[in-house]
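# Survey of secondary and tertiary structure
One-letter residues, chain by chain:
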Amino acid sequence: ENIFWVLAGEGPSKKFLLQETKDISNVLVLPLQPVEKMNLWLNFADIHLLPQKLAVDDLVLPSKLLGILASGRPIISISAEESELGSIANIAGINLKNPDVDEFINAVKTLSCDEELRVELGKKARKLAVSRFDKKIIFDDFEKEIFKLYY
């Protein structure tokens, strides 16, 4: 596999991540990037990884999910099948129901080695972003729900 990993961010695990990857030539760890570069970053990737803790996978969606979908790139997630993230990943990528390292590695290998599948799932991701998460659609649906409460 010819995979180049680019990671950007800050947090309590960064020091550990830097230590563990310092001798790995295909891993680049960068500082948190400015919000102005978000679109560039999301479009830079061929695959987006969204490992979630199963206990929180239906509480909130990852904050970058809509941008990732809009980028037209597939995702690999770990989430329960019935969660919102699980249902999205089943359309726009590969959803793993268990946080198993070998399954995660196999999903990365599958998408990294199959350009046709990556493109197909990426198109589905983009279509999902436009058809389900467009701002106008969300506000229209929200307005309908409010009217149901009062009328």
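Preceding this section is the structure that the text describes.
## A word on the overall build of the protein
- Scanning the protein from N- to C-terminus turns up seven helices and five strands.
- Seen through its C-alpha atoms, the protein measures out along the principal axes to roughly 65 × 30 × 30 Å.
- When burial is assessed residue by residue, the protein has 30% of its 151 residues classed as buried.
- About 10,400 Å² of surface is accessible on the protein, with carbon and sulfur atoms providing 58% of the total.
- Taken together, the 19 basic and 23 acidic charged side chains of the protein have centroids lying 5 Å from each other.

## Structural notes on the packing of helix α5 (residues 101–113) against helix α6 (residues 115–132)
- Closest axis-to-axis distance for the α5/α6 pair is 5 Å, and the angle between their directions is 95°. Between α5 and α6, the angle is such that the two are roughly perpendicular. Here α5 contributes T110, L111, S112 and C113 to the contact with α6, which in turn contributes E115, L117, R118 and L121.
- Residues belonging to the contact of α5 with α6 are distributed by class as follows: four nonpolar, two polar and two charged.

## Describing the sheet that holds strand β4 (residues 75–78)
- Reading across from one edge, β3-β4-β5 is the order of the three strands in this open sheet, with parallel pairing throughout. With partners counted over all chains shown, the strands left at the sheet margins are β3 (48–51) and β5 (93–96), one partner each. In this sheet, adjacent strand axes meet at a mean angle of 10° when their direction is disregarded.
- In terms of strand pairing, β4 meets β5 through four bridges, oriented parallel. Pairing of S77 across the sheet is with N95, part of β5.

## Thoughts on the pairing of β4
- The alternating pattern of β4 places I75 and S77 on one face and I76 and I78 on the opposite face, and all of these are buried.
- Looking at chain direction, β3 and β4 are connected through four bridges and run parallel. Across the sheet, the residue bridging to L49 is I76, located in β4.

## A few points about the layout of surface pockets
- Approximately 1,800 Å³ is the volume found for the largest pocket.
- Lining the largest pocket we find 46 residues, and of these W5, V6, L7, A8 and L49 sit closest to its centre.
- Residue composition of the lining of the largest pocket, grouped by class: 27 nonpolar, ten polar and nine charged.
- The volume enclosed by the second largest pocket comes to roughly 190 Å³.
- Considering the residues around the second largest pocket, the lining is formed by W5, L49, P51, I78, P99, D100, V101, F104 and I105.
- When residues of the lining of the second largest pocket are traced back to their parent elements, those giving at least two are β3 and α5.
- Sort the elements by how many residues they give to the lining of the second largest pocket and α5 lands first, with three residues.
- The residue inventory of the lining of the second largest pocket, partitioned by class, reads eight nonpolar, no polar and one charged.

The rules behind these values
Residues numbered from 1 in each chain as written. Predicted model: local features only at pLDDT ≥ 70, side-chain atom pairs only at ≥ 80, totals over all residues. Heavy atoms only, no water. Helix = DSSP H or I, 4+ residues; strand = E, 2+ residues; numbered from the N terminus. Buried < 20%, exposed > 50% of the residue type's maximum accessible area, 1.4 Å probe, protein only. Areas by Shrake-Rupley, 256 points an atom, 1.4 Å probe, with all protein chains shown as cover. Lys, Arg positive; Asp, Glu negative; His and termini not counted. Charge placed at Lys NZ, Arg CZ, Asp CG, Glu CD. Axes fitted to C-alpha atoms, helices over the stretch in contact; angles between N-to-C directions. Parallel < 35°, antiparallel > 145°, perpendicular 65-115°, else oblique. Contact = heavy atoms within 4.5 Å. Nonpolar A, V, L, I, M, F, W, Y, C, P; charged D, E, K, R; others polar. Pairing = 2+ DSSP bridges. 1 Å grid on protein atoms, 1.4 Å probe; cavity = no way out; pocket = protein on both sides within 12 Å on 5 of 7 lines; lining within 4 Å. Points joined across faces, edges and corners; volume = space filled by probe spheres on them.

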